[in-house]
Amino acid sequence: MKQFKYPAIALVVIATALFLGACASKQRAVFNTLYSVEHSTMAAYDTYAYGVIRGQWPTNGLPKVSQDYDRFQIGMRAAVEVAQYDYSAIAPSNVVQLANVVLHSILEAKAR
(Lines give C-alpha, C1' and ligand atoms only; values in the text may rest on other atoms or scores of the structure.)
Protein backbone atom coordinates (compact mmCIF):
# COMPACT_ATOMS: atom_id res chain seq x y z
CA MET A 1 0.00 0.00 0.00
CA LYS A 2 1.25 3.41 -0.93
CA GLN A 3 1.87 5.85 1.90
CA PHE A 4 0.97 9.50 1.37
CA LYS A 5 3.60 12.19 1.71
CA TYR A 6 1.02 14.72 2.81
CA PRO A 7 -1.10 13.25 5.62
CA ALA A 8 -2.07 16.78 6.70
CA ILE A 9 -4.45 17.01 3.74
CA ALA A 10 -6.33 13.96 4.94
CA LEU A 11 -6.47 15.31 8.48
CA VAL A 12 -7.87 18.67 7.34
CA VAL A 13 -10.57 17.01 5.24
CA ILE A 14 -11.55 14.59 8.00
CA ALA A 15 -11.44 17.25 10.75
CA THR A 16 -13.63 19.59 8.71
CA ALA A 17 -16.05 16.80 7.98
CA LEU A 18 -16.29 15.77 11.62
CA PHE A 19 -16.65 19.36 12.83
CA LEU A 20 -19.49 20.08 10.44
CA GLY A 21 -21.04 16.75 11.26
CA ALA A 22 -21.01 17.38 14.99
CA CYS A 23 -22.87 20.69 14.74
CA ALA A 24 -26.18 19.47 13.37
CA SER A 25 -28.84 16.80 13.51
CA LYS A 26 -27.87 13.31 12.43
CA GLN A 27 -29.43 13.58 8.96
CA ARG A 28 -27.94 17.01 8.41
CA ALA A 29 -24.56 15.80 9.71
CA VAL A 30 -24.41 13.10 7.05
CA PHE A 31 -24.92 15.54 4.22
CA ASN A 32 -22.66 18.21 5.77
CA THR A 33 -19.86 15.68 6.03
CA LEU A 34 -20.27 14.49 2.47
CA TYR A 35 -20.54 18.09 1.28
CA SER A 36 -17.31 19.15 2.97
CA VAL A 37 -15.39 16.24 1.45
CA GLU A 38 -16.94 16.91 -1.99
CA HIS A 39 -16.39 20.65 -1.83
CA SER A 40 -12.74 20.51 -0.77
CA THR A 41 -11.90 17.91 -3.41
CA MET A 42 -13.76 19.75 -6.16
CA ALA A 43 -12.09 23.05 -5.24
CA ALA A 44 -8.65 21.45 -5.41
CA TYR A 45 -9.44 19.84 -8.77
CA ASP A 46 -10.88 23.05 -10.23
CA THR A 47 -7.87 25.04 -9.08
CA TYR A 48 -5.51 22.51 -10.63
CA ALA A 49 -7.43 22.42 -13.93
CA TYR A 50 -7.46 26.22 -14.06
CA GLY A 51 -3.70 26.26 -13.46
CA VAL A 52 -3.18 23.80 -16.30
CA ILE A 53 -5.29 25.95 -18.63
CA ARG A 54 -3.30 29.06 -17.67
CA GLY A 55 -0.05 27.20 -18.29
CA GLN A 56 1.04 27.33 -14.67
CA TRP A 57 1.41 23.53 -14.46
CA PRO A 58 2.24 20.98 -17.17
CA THR A 59 -0.55 19.04 -18.84
CA ASN A 60 1.16 15.67 -18.38
CA GLY A 61 -0.52 14.99 -15.03
CA LEU A 62 -4.03 15.98 -16.10
CA PRO A 63 -5.15 12.55 -17.38
CA LYS A 64 -4.21 10.81 -14.10
CA VAL A 65 -5.74 13.53 -11.96
CA SER A 66 -8.94 13.48 -14.02
CA GLN A 67 -9.15 9.70 -13.79
CA ASP A 68 -8.75 9.82 -10.00
CA TYR A 69 -11.33 12.60 -9.78
CA ASP A 70 -13.80 10.54 -11.84
CA ARG A 71 -13.34 7.61 -9.46
CA PHE A 72 -13.94 9.94 -6.53
CA GLN A 73 -17.16 11.20 -8.14
CA ILE A 74 -18.42 7.63 -8.60
CA GLY A 75 -17.72 6.88 -4.93
CA MET A 76 -19.32 10.14 -3.82
CA ARG A 77 -22.46 9.46 -5.85
CA ALA A 78 -22.79 6.06 -4.20
CA ALA A 79 -22.21 7.54 -0.74
CA VAL A 80 -24.94 10.14 -1.25
CA GLU A 81 -27.39 7.44 -2.37
CA VAL A 82 -26.62 5.39 0.74
CA ALA A 83 -26.88 8.46 2.98
CA GLN A 84 -30.44 9.10 1.84
CA TYR A 85 -31.57 5.94 3.60
CA ASP A 86 -28.93 5.34 6.28
CA TYR A 87 -28.21 8.30 8.52
CA SER A 88 -25.51 6.50 10.47
CA ALA A 89 -23.00 6.49 7.59
CA ILE A 90 -21.28 9.86 7.96
CA ALA A 91 -18.52 9.73 5.34
CA PRO A 92 -17.41 6.30 4.26
CA SER A 93 -13.69 5.81 4.59
CA ASN A 94 -13.43 4.80 0.95
CA VAL A 95 -14.78 8.20 -0.14
CA VAL A 96 -12.28 9.99 2.09
CA GLN A 97 -9.54 7.72 0.72
CA LEU A 98 -10.58 8.53 -2.87
CA ALA A 99 -10.50 12.25 -2.02
CA ASN A 100 -6.98 11.82 -0.65
CA VAL A 101 -5.93 10.03 -3.84
CA VAL A 102 -7.18 12.97 -5.91
CA LEU A 103 -5.38 15.50 -3.71
CA HIS A 104 -2.20 13.42 -3.78
CA SER A 105 -2.37 13.15 -7.59
CA ILE A 106 -2.72 16.92 -7.83
CA LEU A 107 0.29 17.49 -5.59
CA GLU A 108 2.37 15.00 -7.62
CA ALA A 109 1.28 16.61 -10.90
CA LYS A 110 2.23 20.07 -9.64
CA ALA A 111 5.65 18.85 -8.51
CA ARG A 112 6.62 17.61 -11.98
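So, here's what we can say about the structure. If you're wondering where the values come from, they're calculated on a predicted model, not measured in any experiment.

On to the overall build of the chain. Each helix and strand counted, the chain has 4 helices and 0 strands in total. Counting from the amino terminus, helix and strand elements in the chain follow one another as α-α-α-α. Buried positions account for 36% of the 112 residues belonging to the chain. Taking the contacts inside the chain whose residues are at least 6 apart along the sequence as the reference set, 74% of them involve residues at least 24 apart.

Moving on, we get to the nonpolar core. Ranked by internal contacts, the top residues of the largest apolar core, which has 19 residues, are V37, Y48 and F72. Elements that contribute at least two residues to this core include exactly α2 (26-54), α3 (62-83) and α4 (93-111). Ignoring any residue separated from it by four or fewer positions in sequence, one finds F72 in contact with V37, E38, T41, V95, L98, A99 and V102.

A few words on α4. Across its 19 residues, α4 extends 27 Å between first and last C-alpha, which sits within 8% of the 27 Å expected from 1.5 Å per residue. Among all positions in α4, only V95, V96, A99, N100, V102, L103, H104, S105, I106 and A109 are buried.

With that out of the way, let us pick up the pattern of salt bridges. Here the structure, examined in full by the defined rule, presents 2 salt bridges. Across the pair D68 and K64 runs a salt bridge whose closest N-O atoms are separated by 2.9 Å. Remark: K64 and D68 occur in helix α3; sequence separation between them is 4 residues, near one turn of the helix. When its relative accessible area of 2% is taken as the criterion, D68 is described as buried.

Here the focus is α3. An ideal rise of 1.5 Å per residue puts 32 Å on 22 residues; α3 measures up with 31 Å between its terminal C-alpha atoms. Considered for burial, the residues of α3 that qualify are V65, S66, D68, Y69, F72, Q73, G75, M76, A79 and A83. Residues of α3 that are buried sit in contact with α2 and α4.

Where α3 meets α4, the closest approach of the two axes is 9 Å, and the angle between their N-to-C directions is 165 degrees. Comparing the axis directions of α3 and α4 gives the class roughly antiparallel. Between α3 and α4 lies a crossing whose hand is left-handed. For the pair α3 and α4, contact is made by K64, V65, D68, Y69, R71, F72, G75, M76 and A79 and by V95, L98, A99, V101, V102, S105, I106 and A109, respectively. Across the contact of α3 with α4, the residue classes tally to 12 nonpolar, 2 polar and 3 charged.

Let us look at the environment of H104. Positionally, H104 belongs in helix α4. Placed 36 residues apart in sequence, H104 and D68 show a C-alpha to C-alpha distance of 9.7 Å.

This next bit is on the packing of aromatic side chains. Any aromatic ring pair is given by two values, namely how distant the centres are and how the planes are angled relative to each other. All chains considered together, the criterion is met by 3 aromatic pairs. Where Y48 meets W57, the ring centres are 5.9 Å apart and the plane angle is 20 degrees; that geometry is what we call stacked. Classification of W57 by relative accessible area gives buried; the value is 16%.

Calculation notes
Residues numbered from 1 in each chain as written. Predicted model: local features only at pLDDT ≥ 70, side-chain atom pairs only at ≥ 80, totals over all residues. Heavy atoms only, no water. Helix = DSSP H or I, 4+ residues; strand = E, 2+ residues; numbered from the N terminus. Buried < 20%, exposed > 50% of the residue type's maximum accessible area, 1.4 Å probe, protein only. Contact = heavy atoms within 4.5 Å. Core = buried A, V, L, I, M, F, W, Y, C linked by side-chain atoms within 4.5 Å. Expected span 1.5 Å × (residues − 1). Salt bridge = Lys/Arg side-chain N within 4 Å of Asp/Glu carboxyl O. Axes fitted to C-alpha atoms, helices over the stretch in contact; angles between N-to-C directions. Parallel < 35°, antiparallel > 145°, perpendicular 65-115°, else oblique. Left-handed = near helix turned anticlockwise from the far one by under 90°. Nonpolar A, V, L, I, M, F, W, Y, C, P; charged D, E, K, R; others polar. Phe/Tyr/Trp six-rings, centres within 6.5 Å; stacked < 30°, edge-to-face > 60°.

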